Structure formats: C-alpha cells, structure tokens
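Residues per chain, in single letters:
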Amino acid sequence: QVQLVESGGGVVQPGGSLRLSCAAFGITFSSYAMRWYRQAPGKERELLASITSAYSTYYIDSAKGRFTISRDNAKNTVYLQMNNLKPEDTAVYYCSARQGFSETTYWGQGTQVTVSS
C-alpha cells in the first residue's frame, strides 16, 4: 500500500549536479518527516539529510553547502538537489518516511548515483 518511488539518479562528472526525487504514495505525506540516505559499496548506510513536517532541515557535514533537501507537499514529493558532486558521492541513494516517533519507517527502492570522469 505504501510506496516511495525514487528517480533522478544517473552518471555525472565530478563537479556536476543531479536532482533526486522521491514520490510517496499511501501516506499522509505532509505529516511525515522525510530523509535521504546513501550506501556506498562495502559501507554502512548513512543519513545525508532530513526535512520534518515543519520544514526543519538537517545535513551531515559532508553534505552542507552542496546538497539541499526540500519537499513539495502538494506533489507528495521530497527532493535532494546535489551540486559539486565528487567521486566519493557514488552510492545508492534511498528515500525514507517516518511519522513522528512511529516505530514504522518506509523506504524507497534506491537510485544509483555514479560520479566519474
């Protein structure tokens, strides 16, 4: 019933930009906090950025100044704008949704981002 559908991944050169999208279905989107994670090969999944239902945002240090998380409640979609991409940004990027302190977190399928010359 609940589905998060991600898009926008691809191959980009170092210094390039990409915008990821995650469209949510089956939830009251505006009441959910949305997050972007990534997982590089052989590494742990890490939180990149979050945006609450009140539009408060959080970024890890490596994302600050380069990445921007935003949401459009009318479109039930959360975005991750990624600028000045580096090879170390290469990973599978995942979208997640959680309502308040609920025990349930929903996850997207992931989208591949490859930064290479």
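Definitions and cut-offs
Residues numbered from 1 in each chain as written. Predicted model: local features only at pLDDT ≥ 70, side-chain atom pairs only at ≥ 80, totals over all residues. Heavy atoms only, no water. Helix = DSSP H or I, 4+ residues; strand = E, 2+ residues; numbered from the N terminus. Rg over C-alpha atoms; globule rule 2.2 N^0.38 Å. Buried < 20%, exposed > 50% of the residue type's maximum accessible area, 1.4 Å probe, protein only. Contact = heavy atoms within 4.5 Å. Areas by Shrake-Rupley, 256 points an atom, 1.4 Å probe, with all protein chains shown as cover. Pairing = 2+ DSSP bridges. Axes fitted to C-alpha atoms, helices over the stretch in contact; angles between N-to-C directions. Polar contact = N/O pair within 3.5 Å; in protein donor to acceptor, adjacent residues only side chain to side chain. Disulfide = S-S within 2.5 Å.

(A) Quick peek at the overall build of the protein. Of regular secondary structure, the protein possesses 0 helices and 11 strands. For the protein, the succession of helices and strands along the chain, N to C, is β-β-β-β-β-β-β-β-β-β-β. Computed over C-alpha atoms, the radius of gyration of the protein comes to 14 Å, within 12% of the 13 Å expected from 2.2 N^0.38 for 117 residues, which places it in the range of a compact globule. The dimensions of the protein, computed from C-alpha atoms along their principal axes, are 40 × 25 × 25 Å. For the protein, buried positions account for 40% of its 117 residues. For the protein, contacts bridging at least 24 residues in sequence account for 52% of all contacts bridging at least 6. As displayed, the protein offers around 6200 Å² of accessible surface, 46% of which is attributable to carbon and sulfur atoms.

(B) Representation of the sheet that holds strand 3 (residues 18-25) in the model. In space, the 4 strands of this open sheet follow the order 1-3-8-7, with antiparallel pairing throughout. For this open sheet the edge positions go to strand 1 (3-7) and strand 7 (67-72), each flanked by a neighbour on one side alone. On average, each strand axis in the sheet is inclined to that of its neighbour by 15°, with strand direction left out of account. Bridging between strand 3 and strand 8 (residues 77-82) involves 6 bridges; their strand directions are antiparallel. Considered in strand 8, the bridge of Arg19 is made with Gln81.

(C) Looking closely at the environment of Ser31. With respect to the helices and strands, the residue Ser31 is situated in the loop between strand 3 and strand 4 (33-39). Judged by relative accessible area, Ser31 falls into the partly exposed class, the value being 26%. Sequence-distant contacts of Ser31, that is, excluding residues within four places in its chain, are made with Ser53 and Gln99. One polar contact links Ser31 to Gln99, side chain to side chain, over a distance of 2.8 Å.

(D) Expanded view of the state of the cysteines. Here the structure, examined in full by the defined rule, presents 1 disulfide. Cys22 shares a disulfide with Cys95; S-S distance 2.2 Å. On the sign convention where negative is left-handed, the bridge of Cys22 and Cys95, at about -75° about the S-S bond, is left-handed. Linking Cys22 in strand 3 with Cys95 in strand 9 (residues 91-98), this pair joins segments that are 73 residues apart in sequence. Relative accessible area serves as the criterion here: at 0%, Cys22 is assigned to the buried category. Note on Cys95: relative accessible area 0%, which makes it buried.

Read these as geometric descriptors, not functional statements.
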